[in-house]
Amino acid sequence: MINEKVTQKLVQVHRKETLSQSVITACGIAAALLPFLMAAFLLVKGSGTFWDFGHSITEFLFSAQWKPSDTMEGGGQVGAAMFISGSLVTCFLSLVFALPVSLAAAIYMSEMASPAVQRLIRPVVEMFTGIPSVIYGWVGLTVLVPFLRKIFPMPFGFSVLAASLVLAVMIFPVITTMAADAMLAVPKSWRDASYGLGANRWETIRNVILPAAQRGIFTGVVLGLARALGEALAVAMVIGQMKRFPTSLFMPASTMTTVIANDMGGPWKAGNTAQPCGPWACCCL
Amino acid sequence: MEGGEYSAALWTLGLLLFVISFILIFIIHTFGKDPLKLKEED
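Residues numbered from 1 in each chain as written. Chains lettered and ligands numbered in written order. Predicted model: local features only at pLDDT ≥ 70, side-chain atom pairs only at ≥ 80, totals over all residues. Heavy atoms only, no water.

Broken down by element type, chain A carries twelve helices and two strands. Counting from the amino terminus, helix and strand elements in chain A follow one another as α-α-α-β-β-α-α-α-α-α-α-α-α-α. Computed over its C-alpha atoms, the radius of gyration of chain A comes to 26 Å, more than 25% above the 19 Å expected for a compact globule of 285 residues. Along the first, second and third principal axes, the C-alpha atoms of chain A reach 75 × 75 × 40 Å. Taken over 285 residues, chain A has a buried fraction of 40%. Taking all contacts inside chain A whose residues are at least 6 apart in sequence as the whole, residues at least 24 apart take part in 64%. Just so you have it, chain A exposes about 15,900 Å², and 71% of that area is on carbon and sulfur atoms. In chain A, 19 positive and 13 negative side-chain charges are present, and the distance between their average locations comes to 7 Å. (Helix = DSSP H or I, 4+ residues; strand = E, 2+ residues; numbered from the N terminus. Rg over C-alpha atoms; globule rule 2.2 N^0.38 Å. Buried < 20%, exposed > 50% of the residue type's maximum accessible area, 1.4 Å probe, protein only. Contact = heavy atoms within 4.5 Å. Areas by Shrake-Rupley, 256 points an atom, 1.4 Å probe, with all protein chains shown as cover. Lys, Arg positive; Asp, Glu negative; His and termini not counted. Charge placed at Lys NZ, Arg CZ, Asp CG, Glu CD.)

Here it is as structure tokens:
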């Protein structure tokens, strides 16, 4: 009797384990499948420009004529070169601004600061990654743009420079924390060996720490670049969103993300760009 | 297909962003390395 009860209990426990294992496995598979499903969905939707409307990839990537028709018939032009170049230029500039500061901060955090200072600075830098992009954009819009307009000869203040600076601030903590982690991961014995050979601190940093941590630093840079490339809101608030090539630091431009963020809600279905005209017309009346 | 040429062009921009992000992730996996592994190797 007792044995039967124990056996039943064990069977119940086993069933519960099987159930929880199945749920966990399903969640894991779903998490792994999700990016592929998204990729497939994007591939189907994104290839419509080429298959359904007959445009070429060359036209899309290299042409500067962006006049897509808002009809099912098509017949417009879909040259996105100015948005692609806008994205690349702003990302590259933000990297140019952020990388030296990030590296310096990472070297200070990992090599020079005392443990007490490290415990203080690290959470502060990491806190930057959690700030929503709209805050960055808002500060850029209200502080940076008027400031830039005051000190540089630019007509609007909204510019590639403003967008690059905002992006630089946004990617700074990503690169800094990754680089600092990579430098801290360099074994202490390597430092000791360098000092033992007569190298001073700067020589140790330059010849031992940075080469040993270069892959981690590189990962941080690429992650920062990915964040800069995908950022839409903060950039949209300060870049001016003018559909032109980023030929000047002091002039507005557009990036891929700002164009998507601006226009995706409009042409949801054919002819919908005209829809906002309705309420505007009512206001005018 | 739902949406006009404008919508399709925006989806294509989205696809391009996805491809670039994918390439960046591929670069990280190929050339980058977990810094913590350095300690393990030590």
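Next comes the rest of the write-up.
Before going further, it helps to spend a moment on the environment of A:Ser63. Residue and element names in this part refer to chain A. For serine 63, the position within the fold is in the loop between helix H3 (57-62) and strand S1 (66-67). The class for serine 63 is buried, based on a relative accessible area of 18%. Filtering out sequence-adjacent residues up to four positions away, serine 63 remains in contact with Thr58, Gly79, Ala80 and Ala81. From its side chain, serine 63 meets the backbone nitrogen of glutamine 65 in a polar contact 3.1 Å long. (Polar contact = N/O pair within 3.5 Å; in protein donor to acceptor, adjacent residues only side chain to side chain.)

Looking now at the packing of aromatic side chains. For the structure on display, the rule yields seven aromatic pairs over all chains. Measuring from ring centre to ring centre gives 6.0 Å for A:Phe50 and A:Phe60, while their planes differ by 90 degrees; the resulting arrangement is edge-to-face. Pair noted here: A:Phe50 is in helix H2 (residues 48-51) and A:Phe60 is in helix H3, with a separation of ten residues, a long-range link. Summarising the burial analysis for this pair, A:Phe50 and A:Phe60 share the class buried. Ring geometry for A:Phe152 versus A:Phe250: centroids 5.1 Å apart, planes at 25 degrees, classification stacked. Placement of A:Phe152 in the loop between helix H6 (133-151) and helix H7 (160-184) and of A:Phe250 in the loop between helix H10 (233-238) and helix H11 (256-263) is noted, with a sequence separation of 98 residues between them. The exposure class of A:Phe152 is partly exposed, given its relative accessible area of 32%. Connected via pairs of aromatic rings, a cluster forms that spans A:Trp66, A:Phe83 and B:Tyr6. (Phe/Tyr/Trp six-rings, centres within 6.5 Å; stacked < 30°, edge-to-face > 60°.)

Let's shift gears to the interface of chain A and chain B. In this complex, chain A contributes 58 residues to the contact, which on the side of chain B involves 30 residues. Interface of chain A and chain B: buried area, both sides summed, is about 3,900 Å²; carbon and sulfur atoms make up 76% of it. Where chain A packs against chain B, one counts zero salt bridges. The leading source of residues in the side of chain A that touches chain B is helix H9 (residues 201-230) of chain A, at ten residues. Its residues assigned to classes, the side of chain A that touches chain B shows 35 nonpolar, 15 polar and eight charged. (Buried area = accessible area lost by both parts, 1.4 Å probe. Salt bridge = Lys/Arg side-chain N within 4 Å of Asp/Glu carboxyl O. Nonpolar A, V, L, I, M, F, W, Y, C, P; charged D, E, K, R; others polar.)

Further remarks concern the layout of surface pockets. Gaps left between atoms are located by rolling a probe of water-molecule size over the structure's atoms. Its boundaries defined by the atoms lining it, the largest pocket holds a volume of some 230 Å³. In terms of lining, the largest pocket is formed by A:Pro35, A:Phe36, A:Ala39, B:Phe18, B:Ser21, B:Phe22, B:Ile25, B:Phe26 and B:His29. The set of elements that each furnish at least two residues to the lining of the largest pocket consists of helix H1 (2-46) of chain A together with helix H1 (5-31) of chain B. Top contributing element to the lining of the largest pocket by residue count: H1(B), with six residues. The class makeup of the residues in the lining of the largest pocket is seven nonpolar, two polar and no charged. (1 Å grid on protein atoms, 1.4 Å probe; cavity = no way out; pocket = protein on both sides within 12 Å on 5 of 7 lines; lining within 4 Å. Points joined across faces, edges and corners; volume = space filled by probe spheres on them.)

Before going further, it helps to examine unusual backbone geometry. A positive phi angle is found at A:Gln241, which is not glycine, with a value near 50 degrees. Checked against the element boundaries, A:Gln241 lands in the loop between H10 and H11.

What follows covers the packing of helix H4 (residues 81-112) of chain A against helix H5 (residues 115-129) of chain A. All names here are of chain A. It is at 9 Å that the axes of H4 and H5 come closest, and there the two elements cross at 150 degrees. Classified by the angle between their axes, H4 and H5 sit roughly antiparallel to one another. The handedness of the crossing between H4 and H5 is left-handed. When H4 is examined against H5, the residues Tyr108, Met109 and Ser110 are found in contact with a partner set consisting of Val117, Gln118, Ile121, Arg122 and Val125. The residue makeup of the contact of H4 with H5, split by class, is five nonpolar, two polar and one charged. (Axes fitted to C-alpha atoms, helices over the stretch in contact; angles between N-to-C directions. Parallel < 35°, antiparallel > 145°, perpendicular 65-115°, else oblique. Left-handed = near helix turned anticlockwise from the far one by under 90°.)

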